[in-house]
Amino acid sequence: DVKVTQSSRYLVKRTGEKVFLECVQDMDHENMFWYRQDPGLGLRLIYFSYDVKMKEKGDIPEGYSVSREKKERFSLILESASTNQTSMYLCVVREPVDYGYTFGSGTRLTVV
Amino acid sequence: QKEVEQNSGPLSVPEGAIASLNCTYSDRVSQSFFWYRQYSGKSPELIMSIYSNGDKEDGRFTAQLNKASQYVSLLIRDSQPSDSATYLCAVNPGGSEKLVFGKGTKLTVNP
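Residues numbered from 1 in each chain as written. Chains lettered and ligands numbered in written order. Predicted model: local features only at pLDDT ≥ 70, side-chain atom pairs only at ≥ 80, totals over all residues. Heavy atoms only, no water.

Caption draft 1: Examining the overall build of chain B more closely. When you go through chain B residue by residue, the secondary structure sums to 0 helices and 11 strands. Along chain B, helices (α) and strands (β) appear in the sequence β-β-β-β-β-β-β-β-β-β-β when read from the amino end. For a compact globule of 111 residues, the expected C-alpha radius of gyration is about 13 Å, and chain B comes in at 13 Å, within 12% of that figure. Projected onto its principal axes, the C-alpha positions of chain B cover 45 × 30 × 20 Å. Burial analysis of chain B (111 residues in total) assigns 47% to the buried set. Long-range pairs, those at least 24 residues apart, make up 53% of the contacts in chain B with a sequence separation of at least 6. Just so you have it, chain B exposes about 5,200 Å², and 47% of that area is on carbon and sulfur atoms. The averaged location of the 11 negative side-chain charges in chain B is 5 Å from the averaged location of its 11 positive side-chain charges. (Helix = DSSP H or I, 4+ residues; strand = E, 2+ residues; numbered from the N terminus. Rg over C-alpha atoms; globule rule 2.2 N^0.38 Å. Buried < 20%, exposed > 50% of the residue type's maximum accessible area, 1.4 Å probe, protein only. Contact = heavy atoms within 4.5 Å. Areas by Shrake-Rupley, 256 points an atom, 1.4 Å probe, with all protein chains shown as cover. Lys, Arg positive; Asp, Glu negative; His and termini not counted. Charge placed at Lys NZ, Arg CZ, Asp CG, Glu CD.)

Here's what the structure looks like:
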């Protein structure tokens, strides 16, 4: 099974800061995703990538961008953090063999 | 917008009972279906995946899929307090790589 590592477990940032959330997989899978999870709203897709330099917007891309320069790394960027981006951010990797999806441990971001 | 609906819960069962969790989805051509368990403060972990109509059993867990009714369920037999968590249903819409999640059902198993 793939191991999905998110670099920070907890982050506190100030409004207006540029924030980078990093996700690394230990295999070579093509499909990687960023979701955010909020109480009452569930898991919502922000962006996903199906190969290096390839990306697609999810359901809530506003205020976010992504970068995938290497296959194993998928970064989520908050261009100018706002308080409504306070959330749990989850990176997900799809494993092609059995079509399972594996989550990272999550980054709980607080924007003050 | 493809939708996945789950019983809002919460669901409370006594230890040793069968817990039944239900999920419906709107995209008729969905291909893959997943149940995840999420403990408070943790990320979701995969319990079961199911791709064809019928039942799939793994230990105390049974997933059931009925594509004609657009319905997928998860049964937990001999429920244990350690099963207390939020259960998320996720669907892979036809032609898409992404997962669409329900909002989850919180299960409490009482000793």
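Caption draft 2: Focus on the packing of aromatic side chains. One pass over the structure, following the stated rule, counts 12 aromatic pairs over all chains. Summarising the aromatic geometry, the rings of B:Y25 and B:F33 are spaced 4.8 Å apart at their centres and angled 50° between planes, so their arrangement reads as tilted. Like B:Y25, the residue B:F33 is buried in the burial classification. Each ring, one from B:F34 and one from B:Y36, has its centre 6.5 Å from the other, and the planes form 40°; the classification is tilted. Among the aromatic residues, those joined into a cluster by ring pairs are A:F33, A:Y35, A:F48, A:Y101, A:F103, B:F34, B:Y36, B:Y51 and B:F101. Residue placement shows A:R9 over the ring face of A:Y10; its charged tip is 5.5 Å from the ring centre. (Phe/Tyr/Trp six-rings, centres within 6.5 Å; stacked < 30°, edge-to-face > 60°. Lys NZ or Arg CZ within 6 Å of the ring centre and 35° of its normal.)

Caption draft 3: Molecular detail of the nonpolar core. With 24 residues, the main nonpolar core has B:W35, B:V72, B:L74, B:I76 and B:Y87 as its most contacted residues. Residue assignment for this core shows that the elements contributing at least two residues are β3 (19–25), β4 (32–38), β5 (45–50), β7 (61–66), β8 (71–76), β9 (85–92) and β11 (105–110) of chain B. A:V4, A:M32, A:W34 and A:Y47 belong to the second largest nonpolar core, which has 22 residues in total. (Core = buried A, V, L, I, M, F, W, Y, C linked by side-chain atoms within 4.5 Å.)

Caption draft 4: The arrangement of the interface of chain A and chain B in detail. If you look at the interface, chain A gives 20 residues, while chain B gives 17 residues. Of the roughly 1,600 Å² buried between chain A and chain B on both sides combined, carbon and sulfur atoms contribute 52%. The three residues of chain A that bury the most area against chain B are A:L43, A:Y101 and A:F103, which together make up 32% of that side's buried surface. Inspection of the region where chain A meets chain B yields 2 salt bridges. Between A:D59 and B:K98 there is a salt bridge; the shortest N-O distance is 3.8 Å. Where chain A packs against chain B, one counts 9 residue pairs in polar contact (both at pLDDT 80 or more). Secondary-structure elements contributing two or more residues to the side of chain A that touches chain B are β4 (32–38), β5 (42–51), β9 (87–94) and β10 (101–103) of chain A. In terms of residue class, the side of chain A that touches chain B is built from 10 nonpolar, 6 polar and 4 charged. (Buried area = accessible area lost by both parts, 1.4 Å probe. Salt bridge = Lys/Arg side-chain N within 4 Å of Asp/Glu carboxyl O. Polar contact = N/O pair within 3.5 Å; in protein donor to acceptor, adjacent residues only side chain to side chain. Nonpolar A, V, L, I, M, F, W, Y, C, P; charged D, E, K, R; others polar.)

Caption draft 5: Main features of the side chain of A:D38. Residue and element names in this part refer to chain A. Note that D38 resides in strand β4. Under the relative-accessibility criterion, D38 is labelled buried at 10%. Within the structure, D38 has its side chain in polar contact with the side chain of S87 (distance 2.8 Å). Ignoring anything within four residues of it in the chain, the contact list for D38 reads R44, T86 and S87.

Caption draft 6: Spatial organisation of the pairing of β5(B). Residues and elements named next belong to chain B. Strand direction decides the pairing type here: β4 and β5, joined by 5 bridges, are antiparallel. When the sheet's bridge partners are listed, R37 is paired in β5 with E45. In this structure, the hairpin formed by β4 and β5 is closed by a connection of 6 residues, where G41 is found at a positive phi of approximately 80°. (Pairing = 2+ DSSP bridges.)

Caption draft 7: Structural detail: the pattern of salt bridges. Residue and element names in this part refer to chain A. Scanning the model with the defined rule gives 11 salt bridges over all chains in all. The salt bridge involving E22 is made with R73; its shortest N-O contact spans 3.8 Å. A residue pair is termed long-range when its members are at least 10 positions apart, and E22 in strand β3 (residues 19–25) and R73 in strand β8 (residues 73–78) qualify at 51 residues. Among the charged side chains, a salt-bridge network with shared partners connects R36, D38 and R44.

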